[in-house]
Every structure is written in C-alpha cells, then in structure tokens.
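# Structural overview for review
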Amino acid sequence: MSTTAQKGTVYLVGAGPGDPELLTLRALRLLESADVVFHDDLVTDEVLALVHRHALVTSVGKRCGRPRITQAGIHALMIESAKAGQSVVRLKSGDPLIFGRAGEELAALRAAGIAFEIVPGVTAALAAGAALALPLTDRKSASKLIFATGHHAEGKTSAPVWTGSLPEDATLVMYMPGRDTARIAEELRAAGVASDMPCAAISHAARPEQQVAACALQDLDELSCGPAPLMLMIGRAMAPLLDGEAVETLELPLREAFESLTDKR
Ligand SMILES: C[S@@+](CC[C@H](N)C(=O)[O-])C[C@H]1O[C@@H](n2cnc3c(N)ncnc32)[C@H](O)[C@@H]1O
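Residues numbered from 1 in each chain as written. Predicted model: local features only at pLDDT ≥ 70, side-chain atom pairs only at ≥ 80, totals over all residues. Heavy atoms only, no water.

## Section: the pattern of salt bridges
One pass over the structure, following the stated rule, counts 12 salt bridges. Put simply, D40 and R90 hold a salt bridge, and the shortest N to O gap is 3.0 Å. Of this pair, D40 sits in the loop between β2 (36-39) and α2 (45-48) while R90 sits in strand β4 (residues 88-92), and the two are 50 residues apart along the sequence. According to the relative accessible area criterion, R90 is buried, its value standing at 2%. (Salt bridge = Lys/Arg side-chain N within 4 Å of Asp/Glu carboxyl O. Helix = DSSP H or I, 4+ residues; strand = E, 2+ residues; numbered from the N terminus. Buried < 20%, exposed > 50% of the residue type's maximum accessible area, 1.4 Å probe, protein only.)

So this is what it looks like as structure tokens:
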C-alpha cells in the first residue's frame, strides 16, 4: 500500500470527530498528498488545515444554507476528478461507513470503474465515550451497543429513531436525533424502556466546545441539549453521568492541541 494518494484513485477517509489528533496516520498522509478534497460540513477547519496547500478543497456539505448539492452531484465530482488523473480524498466526519451514504458513493465508483480505498475514522460515539471517560459497554449492565439514526432516505426524515423493544442491557446511541427529545422519550417509553434509564445528550463530542447533559428517561422531555452536532446515548452505561462521576471534558488539552496544529501552518 502506497503512503501517498495515487492518481486516479478516490479515498473515502474518516476525519474523526474534529480533533486532528484523532486522525489515523493513513488519513493524515492522504490529506497531505491528495490533489483534490471533497469534504462534508462536519469536518473541522483544524482537520482541513492539514490538507496540502496546493490541493483543491471543496465543501460538498448539504446544510448551513449553502446551495444544496445532490448526492449524484457528489458522485460526478469524484468520478470526473479521478478520470482526469487526480488523486481524490472524499473526507467524511467520524467513520466513513457510519451514517455517511458511503454505500451510494461506493456503488457509483464501482459502476464507473474507479479505484477506491476506505480509511476508517473514529466515529462520534467512540470519541464521545473517550472524551467523557465513559465506557459504552459494562460487564455487569451493558453487553450490547447499538448505533441508530432516525434520519433515513429522503422523504422519511421524521421516521422514529427507535421502534420495537430495547434490551435492558443495551447502550443505544442515536445519531442525528433531531431536537424533539419529547418524541424520542415517547418512542423509548413505547419500547418499554424503564423510566429511570439514564440518558445523555452529547454535543460537539471531543471538541473544545463539548457539552453534556444527562437525566433519567422520565425527564428526557425537558432535557436541555447543546447545539448540533448532537447525539443521544441511552442505557445503564450512562449512569456515571447521572452520579456526577464522569463528564470531565478535555477542554483545555483539546484546545491546546487544536491551536498548536493550526499554528504550524
Ligand atoms: C451524517 S452523521 C455522520 C456520522 C459520522 N460518519 C461518524 O461516524 O461519526 C452526522 C451525525 O453524527 C453525529 N456527530 C458527528 N460528530 C459529532 C460530534 N463531534 N459530537 C456529537 N455528535 C456528532 C451527530 O448526530 C450528527 O448529526
């Protein structure tokens, strides 16, 4: 495996939760050598600061009021760039294979006969666990870990995040939960989840602006969550947040790491 980005190849790269220190070495080497980078909105400036200064960097994010780029448009950009002989990084927050439409992008690349490689990243749930010093599994109380989202295919954006029963010993991580915690609380109650089940809302996990709020399910309707990006975690593994044992954020070290990396540019 070559350490630098190869011409005509598309790399689906995980950018992690935002802190450049959490990139893989492979991701870093590709960012430093790719001709073209197409990135999502959640990729931070600190990660983008590592891209080669001659690379063409384009946001293909679909929010924040920018003109909406279609998924087909993203496919076309990647394919045309690779066919033009450029090395292409498709940079996605967290891990590229978790809730990132990678399946559609890989299908398009395969259909066009473009070589590709996938570089994993630290998904937001795992970054949150680390930043909070909070194991997501527990030998006594949490033997299952479920990643879920209510954000499905277009036209079904209000689909429930959780339906059916939820095992008592599961940690349920909800990506893209939306802001309607009352609705989610209702879904969980309908799933038979106990009213004392610990719930946590983690905003900007593993970033300097990280915020955490926790409560029992009975109070989830009223929970004041921080701004997006936001995830919810439900399960007995969250109990230390209610007991006040965890939650120490790594605010200062993270801020220093961000600043020192940005200063090097
Ligand atoms: C389109 S999904 C992409 C997930 C990404 N591929 C990953 O593995 O983390 C975006 C959602 O991930 C969650 N997310 C991403 N980064 C986050 C962060 N730093 N803190 C909290 N949630 C985050 C939020 O729920 C956000 O709406």
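## Examining the sheet that holds strand β6 (residues 144-149)
In space, the five strands of this open sheet follow the order β6-β7-β10-β8-β9, with mixed pairing throughout. A single partner strand is all that each edge strand has here, and the edge strands are β6 and β9 (211-216). The mean angle between the axes of side-by-side strands here comes to 15 degrees, regardless of whether they run parallel or antiparallel. Here helix α5 (residues 124-131) sits on the sheet and contacts β6, β7 (170-175), β8 (198-203) and β10 (230-234); the angle it forms with β10, its principal contact strand, is near 75 degrees. (Pairing = 2+ DSSP bridges. Axes fitted to C-alpha atoms, helices over the stretch in contact; angles between N-to-C directions. Contact = heavy atoms within 4.5 Å.)

## Quick look at the side chain of D95
Residue placement: D95 occurs in the loop between β4 and α4 (102-112). Nearest to the buried, unbridged D95 among oppositely charged side chains is K92, at 9.7 Å. A distance of 3.1 Å separates a polar side-chain atom of D95 from the backbone nitrogen of G121. For D95, the contacting residues outside a window of four places in its chain are P120, G121, V122 and T123. (Lys, Arg positive; Asp, Glu negative; His and termini not counted. Polar contact = N/O pair within 3.5 Å; in protein donor to acceptor, adjacent residues only side chain to side chain.)

## Side note on the site of the ligand
The immediate surroundings of the ligand are formed by 18 residues, with I98, T123, M176, A205 and L230 found nearest. A distance of 2.6 Å is found between an oxygen atom of the ligand and a side-chain nitrogen or oxygen belonging to T123. A205 places a main-chain nitrogen or oxygen 2.8 Å from a nitrogen atom of the ligand. Protein chains bury 93% of the 570 Å² of accessible surface belonging to the ligand in isolation. In the shell around the ligand, the residues fall into 12 nonpolar, four polar and two charged. When residues of the shell around the ligand are sorted by domain, at least three fall in each of domain 1 (9-122) and domain 2 (125-243). (Near = heavy atom within 4 Å. Areas by Shrake-Rupley, 256 points an atom, 1.4 Å probe, with all protein chains shown as cover. Nonpolar A, V, L, I, M, F, W, Y, C, P; charged D, E, K, R; others polar. Domains from an automatic or database assignment.)

## Description of helix α3 (residues 71-83)
In this model α3 runs 18 Å from its N-terminal to its C-terminal C-alpha over 13 residues, within 8% of the 18 Å that 1.5 Å per residue would give. For α3, every residue scored as buried is listed here: Q71, I74, H75, M78, I79, S81 and A82. Taken around the axis of α3, the buried residues stretch over an arc of 165 degrees, which confines them to a single face. Residues of α3 that are exposed and point more than 90 degrees away from the buried face comprise A72, E80 and K83. Those residues of α3 hidden inside the fold are in contact with β1 (9-14), β2, β4 and α4. Phi for G85, located one or two positions after α3, is positive at around 90 degrees. (Expected span 1.5 Å × (residues − 1). Arc of directions from axis to C-beta.)

## With respect to the sheet that holds β1
Pairing in this open sheet of five strands is parallel, and the strands run β3-β2-β4-β1-β5 from one edge to the other. Strand pairing shows two members of the sheet lacking a second neighbour, β3 (56-59) and β5 (115-119), which therefore form its edges. Pairwise comparison of adjacent strand axes, ignoring direction, gives a mean angle of 20 degrees for this sheet. Sheet strands in contact with helix α1 (residues 25-33) are β1, β4 and β5, and its direction is about 130 degrees off that of β1. Contacting β1, β4 and β5, α4 crosses the sheet at an angle of about 170 degrees to β1.

## So, the nonpolar core
Formed by 24 residues in total, the largest nonpolar core has its most connected members in L172, M174, L188, L217, L220 and I234. Elements supplying a minimum of two residues to this core: β7, α6 (181-190), β8, β9 and β10. Sequence-distant contacts of M174, defined by excluding residues within four places in its chain, comprise A148, V161, W162, I184, L188, M231, L232 and I234. Listed in part, the 19 residues of the second largest apolar core include A15, A27, L31 and V119. (Core = buried A, V, L, I, M, F, W, Y, C linked by side-chain atoms within 4.5 Å.)

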